[in-house]
Amino acid sequence: MKPMKFFLAGVAASVLALSSAQAANLILGSATEPSAIDPQFSRTGNNQNIAMQVFDRLVQTDPAINVEPALAVSWTNTDPLTWQIKLRDGVKFHDGNPLTSEDVIFSLTRAKDIPNSPAPFSGNVGAIDSMKAVDNLTVEFKTKKPTPDFIEQVGFVYIVEKKVAEGASIEDFNSGKAAIGTGAYKFKSWTPGDNLALTRNDAFWGKKQDFENVTIKFISNDASRVAALRSGAVDLIDAVPPGDVKTLQGISGLKVFSIASSRMIYLALDSARDKSPFITDKEGKPLDKNPLKDVKVRQALSELVNRQLIIDRILDGSAEAAGQLVPNGVAGNDPSITAPAMNAEDAKKLLAEAGYKDGFGITIHTSNDRFPGDSEVAQALGQMFARGGLKVNGVVAQPYNVYTKGAGAGEFSAFIFSLGNSTPTSATGLRNLLMTANKDAGTGSFNRTKYSNPAFDDAMRAATAEFDVKKRVELLQKATKMVFADVPVIPLYWQKVHWAGKANVSYVANMTEDTSATLAGIAK
């Protein structure tokens, strides 16, 4: 029976696909689609969900974001500026060639210069001063400065085969010509807007996968994705809307997999420019002076947000109000920082002190298919700002693949985005999101508003240079308190994430929100 026929089949026929361990097939309904197959093109979740199935990194994380060996089996800090990383022996790329130190050096060199990347890996490799192959399975690194979390930086860059990827274009990856990794699955085909097909890599160095063939069907519409699972057209779905969780839990033959994630949903504010493209006066005319540059205005906007109302009404309780980058349980979280309470009177007072007693005009931009409720959250923010005296000129929702390019190009004034923390501490997230953008230093890779705070940069440099773990966490907390008092972004909430599948499918819910066939299996 061919797996593509399952799209038209019912539940019973689809269940048959999973009944044989020798030739099991999985059809996965995904809310998002990659913008490219090149694993180093973008760190955004839609791209990484595909990359992690075909390619590998030096390290990986468990469901609670603890670092585990992957292509690297050990990493040793021989002096403050020197690291040696030992590679796993016997790993082969999908074309049969062995993984070597040269592939790692090439990959980490290539990662900083991917053209037109909307979310580059440059921050992951910015600490590297030099690299050399000690032997085929050992790489020695010299860093520009002491870098205690070095493995958390370079370890999460996907490794490509030098022989294949050198000189390869993005089209070569998208066609499959250069999509040669060491991962659990091999790239078979990609039909943009429809599906991506994978086949099992039986020579994979890690755990053998249960599924011989995987088809990832791109279904951005929430209702359609849930309906596809209920009809049996797919075996597993991600991004289950919070309002559908209880319904799916009550259906015989289906089950839901849930976890509280470390992804912060936030409203980014264009606070660096003197003029902002979507800031106007109350009559809709462009303002010569950008009010978002004033911290009192940013504080006021934050106090106009009723986070708990958003969580209760839009997310059906599937979130926790946020006031900083990472939730409790992730190193770097400062327990003294709580989510700001809604205080409309104080917000209006702050606006008046900043010279905007009568408010100003603003447009909110958002994706409409990146995470549950993204466009609805933007509408809610618009209503809250309007009640606070602002003139909301519009709420613009776009497909994520289009939206992320505009956000990266600085086309918006206030826009909703998210950052999923995929490392054991907040250091990488803080470095990428809020430090001053500097490609050579590897900072500010996701700093889409070009926010710059020299005092915070100094605090982060001190934190990330500290080898004592306890002291490093304390310094990260100090840097966190400093930067969020300045409100460069407005933290909204950390989302709880849900997957759902048929009863004979298992799935490992994870804090990094990864959707991958490698985390799925046949339920025992």
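Residues numbered from 1 in each chain as written. Predicted model: local features only at pLDDT ≥ 70, side-chain atom pairs only at ≥ 80, totals over all residues. Heavy atoms only, no water.

Asker: Would you explain the environment of Glu-474 in this entry?
Answerer: If you trace the backbone, Glu-474 turns up in helix 17 (residues 469-485). On the accessibility criterion, Glu-474 (41% relative accessible area) is partly exposed. Sequence separation between Glu-474 and Val-392 is 82 residues; the distance between their C-alpha atoms is 40 Å. (Helix = DSSP H or I, 4+ residues; strand = E, 2+ residues; numbered from the N terminus. Buried < 20%, exposed > 50% of the residue type's maximum accessible area, 1.4 Å probe, protein only.)

Asker: Even after reading the chapter, I still don't get the confidence of the model for the chain, so can you show me in this structure?
Answerer: Low pLDDT marks regions whose predicted coordinates should not be analysed in detail. On average, residues of the chain carry a pLDDT of 93, and 96% of them reach 70 or more. In this model residues 1-17 is a low-confidence stretch, pLDDT under 50, and it forms 30 contacts with partners more than four residues away in sequence or in other chains. (pLDDT = per-residue confidence, 0-100. Contact = heavy atoms within 4.5 Å.)

Asker: It is not clear to me how the domain arrangement of the chain should be interpreted in this structure. Could you clarify?
Answerer: The figure often quoted for interface size is the accessible area lost as the parts come together. Segmentation of the chain into domains returns domain 1 (25-253 + 503-522) and domain 2 (261-496). Between domain 1 and domain 2, the residue contacts involve 40 residues of the former and 36 residues of the latter. In this assembly, domain 1 packs against domain 2 so that about 3000 Å² is buried in total across both faces, 54% of it on carbon and sulfur atoms. It is Pro-148, Pro-242 and Glu-513 in domain 1 that bury the most area against domain 2; as a group they hold 20% of the surface buried on that side. Between the two partners, domain 1 and domain 2, sit three salt bridges. In this structure, Glu-513 and Arg-263 form a salt bridge, with 2.6 Å as the shortest nitrogen-oxygen distance. The interface formed by domain 1 and domain 2 holds 10 residue pairs in polar contact (both at pLDDT 80 or more) in total. Those elements that place two or more of their residues in the side of domain 1 that touches domain 2 are helix 2 (45-54), helix 4 (122-125) and helix 5 (150-154). Here the residues of the side of domain 1 that touches domain 2 sort into 16 nonpolar, 15 polar and nine charged. (Domains from an automatic or database assignment. Buried area = accessible area lost by both parts, 1.4 Å probe. Salt bridge = Lys/Arg side-chain N within 4 Å of Asp/Glu carboxyl O. Polar contact = N/O pair within 3.5 Å; in protein donor to acceptor, adjacent residues only side chain to side chain. Nonpolar A, V, L, I, M, F, W, Y, C, P; charged D, E, K, R; others polar.)

Asker: Looking at this model, I keep getting lost on the side chain of Arg-225. Mind explaining?
Answerer: Here Arg-225 shows up in helix 8 (residues 222-231). Polar contacts involving the side chain of Arg-225 include one to the main-chain carbonyl oxygen of Ile-219, which spans 2.8 Å. Ignoring anything within four residues of it in the chain, the contact list for Arg-225 reads Gly-29, Ser-30, Ala-31, Ile-219, Ser-220, Ile-237, Asp-238, Ala-239 and Pro-241.

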